[in-house]
Amino acid sequence: MKKFNFFLFFLVIFIFEKLNAQELITYKLKINNFSNHNLNNIELPFWDDFSKSKSIDDSLWSNSDNIIIKDYYNIDAPSKNVIQFDGIDINGNPYDHDEGYGISDIITSDIINLNNLIQADSTYFSFYWRFNINGESPDYEDSLFIDFLDDNNKWQTIWHQNGGKNNNENQFIFEDIILDEIFFHKNFQFKIYNKGNTKGPFDSWLIDYIYLNKKRKKNDSTFLDRSLAHEGYKIFKNHISIPLDHINFSDDFLDSISFQINNLDKDIQPINYTFKAELPYNNKSYIISENKPLNPILNGYDRRYIKTSPIKLSEFELDTNSSEINFLFYINSGDSILYKQNFLKNDSSKFSINFSNFYSYDDGIAEFAAGLNQKNSELVVEHNTFTKDTLTHIQIYFPFNIYSEYNNQIEIIVYDNLDENNIKLTSQYITPNFNDSYNEYELSSPIIVSDTFFIGFKQNENSFLPIGLDKNNNTSDKIFYKIDNSWIKNDLIFGSLMIRPVFGKSEYILTNTNSEKLDKRVNIFPNPSTGIFYLSKKVENIKIFNLEGKLIKNINDSDKINLFNYENGFYIVDILNSNIRERNKLIKRKY
């Protein structure tokens, strides 16, 4: 456990042990993970690799309210999805025990009936663990524990692991524990928990692939299972998403997609794999690879990386209605439902790429936040547009401001480069809205950009100003900050800072001397949306129709459309303003 001397009481994670005014700071944010409680008496075998979904399986667990399921691509997990332990609850709040130290995350199994077992049944409990390289590693005083409930209804600690550099294995470690007779009763349970710094998400551990069964042997890590180690998540070299209008210029920026296949069995296993893409709007499918043999064959306890060829989006029949592509990768590995365990559930990966009107390095979820705490400091993100276009808005993710007292305006800025001249292409003052989501700010002077440019802000007080940080895609080399008139390229934090450039039609043609009207068109953003759509100006009348042509909403004198309580899907919007009528499509969906 580390002792930190911070000026922010609730600060959750820092890169540094001491907070100075000239440092880039990060802390962890709330991630919702709701589960139900259902106490059932279950029987062996008990198996959970958490790959079924991002929610804890309440048929196996009785207490898991503060446990988060994560899918990290860089941890070489036995199978996709792991559970994470640190010093923060499910709402992103530190446990904050006395003296800043104590028990934090806990997960407890359902009741398991072991009443008919004897010592000769050779019953073992096994699991994989590792330090979380995407968080702050545990120190020597920090520990991970496993307790068993004995026949006297008392918890017995049967395994623990201390942190510290000497124990920092850069891989998952397999552990197995034989059960003693005192645990052979009908109300057996086990629990896993961590003990460490409770001031934030420090001392982070990962657990995967928990298995409890009889007729096992010591050090037997053989499972008749072939698995994917992580989900797919992007098709571009850096970006998660790009503007829909830029897809035809994207081929040079696409990247291969990597999948890791693990053989958890001791024997060789032939593997065939299939990779598909689908456009849900028009039900068009594209076969990228179909039932292709993995060559050479997968050896026992082997792991293999498959890299697909870059997917050329210009060959897809995309239009303004096809703003989403669903991808499915799965293996045909000989896995089956064995001993009541479905070993097929970790054989597939599903992910979607959504296109709108912005470039995004992030997936929209801020696990952490990063920022500076010095007046007149600047924080920017480097972006690259695939084709020349008009930058009309900037999106910034402001988390709930519970870790900062910042209450001033900021100056949002666009730079062409970060050289000695440091010429601003445009700037304006806005007030941050700390609402744990993206906020979109319209540029008073839209600008045409091409190739590389930088967007960000300058802050106006000596308070920590948090910005969302996505840890699932690493574009940390795109982050720059300015302290004392010197630009510094980030080498302190890992992830993607959540500042996005938005492109669209502008009412202005920019010249060196003036701005003049171009057209009267109304922009709608974001589109797709989870329910709230904004218009670039207030209009006289808005009519919303469903796809059957039925009028469902009529709005006068507004620049906002609220479809939050309507079903997901496509809608037609008819806009009337200054005797000009426009008709567009709205897409409401669940992100």
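Procedures and definitions
- Residues numbered from 1 in each chain as written.
- Predicted model: local features only at pLDDT ≥ 70, side-chain atom pairs only at ≥ 80, totals over all residues.
- Heavy atoms only, no water.
- Helix = DSSP H or I, 4+ residues; strand = E, 2+ residues; numbered from the N terminus.
- Buried < 20%, exposed > 50% of the residue type's maximum accessible area, 1.4 Å probe, protein only.
- Core = buried A, V, L, I, M, F, W, Y, C linked by side-chain atoms within 4.5 Å.
- Polar contact = N/O pair within 3.5 Å; in protein donor to acceptor, adjacent residues only side chain to side chain.
- Phe/Tyr/Trp six-rings, centres within 6.5 Å; stacked < 30°, edge-to-face > 60°.
- Lys NZ or Arg CZ within 6 Å of the ring centre and 35° of its normal.
- Pairing = 2+ DSSP bridges.
- Axes fitted to C-alpha atoms, helices over the stretch in contact; angles between N-to-C directions.
- Contact = heavy atoms within 4.5 Å.
- pLDDT = per-residue confidence, 0-100.
- Salt bridge = Lys/Arg side-chain N within 4 Å of Asp/Glu carboxyl O.

Our focus in this paragraph is unusual backbone geometry. The omega torsion across L44 and P45 is 0°, close enough to zero to call that bond cis. By secondary structure assignment, the location of P45 is in the loop between β1 (25-28) and β2 (46-48). The omega angle of the peptide bond from N295 to P296 is 5°, so this bond is cis rather than trans. Counting through the fold element by element, P296 comes out in the loop between β16 (284-293) and β17 (303-307). Positive phi, close to 55°, is recorded for D76, a residue that is not glycine. Here D76 lies in the loop between β4 (68-70) and β5 (82-85). Positive phi, close to 55°, is recorded for Y301, a residue that is not glycine. Relative to the helices and strands, Y301 is located in the loop between β16 and β17. Judged by its relative accessible area of 46%, Y301 falls in the partly exposed class.

Okay, the nonpolar core next. I235, L313, F327, F355, L391, L497 and I499 are the most contacted members of the largest nonpolar core, which totals 64 residues. Listed in part, the 35 residues of the second largest apolar core include L44, I146, I207 and I210.

Glancing now at the environment of H246. Summarising the element assignment, H246 is placed in the loop between β13 (226-228) and β14 (258-263). Taking the C-alpha atoms as reference points, H246 and Y359, separated by 113 residues in sequence, lie 9.6 Å from one another. Here the side chain of H246 touches Y359 through a polar contact of 2.6 Å, side chain to side chain. Among the polar contacts made by the side chain of H246, one reaches the side chain of D389 at a distance of 2.7 Å.

This brings us to the packing of aromatic side chains. Scanning all chains against the criterion turns up 37 aromatic pairs. Centre to centre, the rings of W129 and F131 are 5.8 Å apart; their planes meet at 50°, and the pair counts as tilted. We note that W129, like F131, is buried. The ring of W155 carries the charged tip of K191 above its face, separated from the ring centre by 4.6 Å. Across from the ring centre of F368, 5.1 Å away, lies the NZ or CZ of K471, which sits over that ring.

Turning to its location among the elements, S356 is positioned in the loop between β21 (348-354) and β22 (368-371). Given a relative accessible area of 11%, S356 falls into the buried group. Within the local environment of S356, its side chain forms a polar contact with the side chain of N357, the two groups lying 3.2 Å apart.

Turning our eyes to something else, we now look at the sheet that holds strand β15 (residues 272-279). Pairing is antiparallel across the open sheet formed by four strands, whose spatial order is β16-β15-β18-β21. The open sheet has two edge strands with one neighbour each: β16 and β21. Shown here is a sheet whose adjacent strand axes are inclined to one another by a mean of 10°, direction ignored. With seven bridges joining them, β15 and β16 adopt antiparallel strand pairing. Within the sheet, the bridge partner assigned to N272 lies in β16 and is P293.

Examined bridge by bridge, strand β37 (residues 569-577) and strand β38 (residues 580-588) share nine bridges and lie antiparallel to one another. By the bridge assignment for β38, I575 is matched with E582. Counting the residues that bridge the hairpin from β37 to β38 gives two residues, and of these S578 lies at a positive phi of roughly 50°.

What follows deals with the environment of D76. Residue D76 is classed as partly exposed on the basis of its relative accessible area of 30%. Note: C-alpha distance between D76 and F172 (96 residues apart in sequence) is 7.4 Å. The residues contacting D76, other than those within four sequence positions of it, are F172, Q260, R303 and Y305. Among the polar contacts made by the side chain of D76, one reaches the side chain of Y305 at a distance of 2.8 Å.

Moving on: the sheet that holds strand β11 (residues 190-197). The strand order β3-β6-β11-β8-β9 describes an open sheet built from five strands, whose pairing is antiparallel. Two strands close off the open sheet at either side, each with one partner strand: β3 (61-63) and β9 (155-162). Adjacent strand axes in the sheet meet at a mean angle of 25°, parallel and antiparallel pairs treated alike. Where β3 and strand β6 (residues 101-109) come together, two bridges link them in antiparallel fashion. Across the sheet, the residue bridging to N63 is T108, located in β6.

Next up on the list: the pairing of strand β8 (residues 143-149). Of all seven residues in β8, seven are buried, a share of seventy percent or more. Residues S143, F145, D147 and L149 line one face of β8 and the alternating positions L144, I146 and F148 line the opposite face, and both faces are buried. Across seven bridges, the pairing between β8 and β9 is antiparallel. From the neighbouring strand, I146 faces β9, where its bridge partner is W159.

Once that is clear, we can look at the confidence of the model for the chain. Per-chain confidence: the chain averages 85 in pLDDT, with 87% of residues scoring 70 or above. Per-element mean pLDDT across the chain ranges from 40 in strand β33 (residues 515-517) up to 98 in β8. Between residues 30-39, whose pLDDT stays under 50, and residues either more than four places distant or in other chains, the model counts 29 contacts.

A full pass over the atoms with the stated rule returns 13 salt bridges. Put simply, R304 and D302 hold a salt bridge, and the shortest N to O gap is 3.0 Å. Here the two residues R304 and D302 agree in accessibility, since each one is buried. Here E411 makes a salt bridge to K424, at a shortest N to O gap of 3.0 Å. You can see E411 sitting in strand β24 (residues 410-415) and its partner K424 sitting in strand β25 (residues 424-430), a full 13 residues away along the chain. The class of E411 is buried, set by a relative accessible area of 6%.

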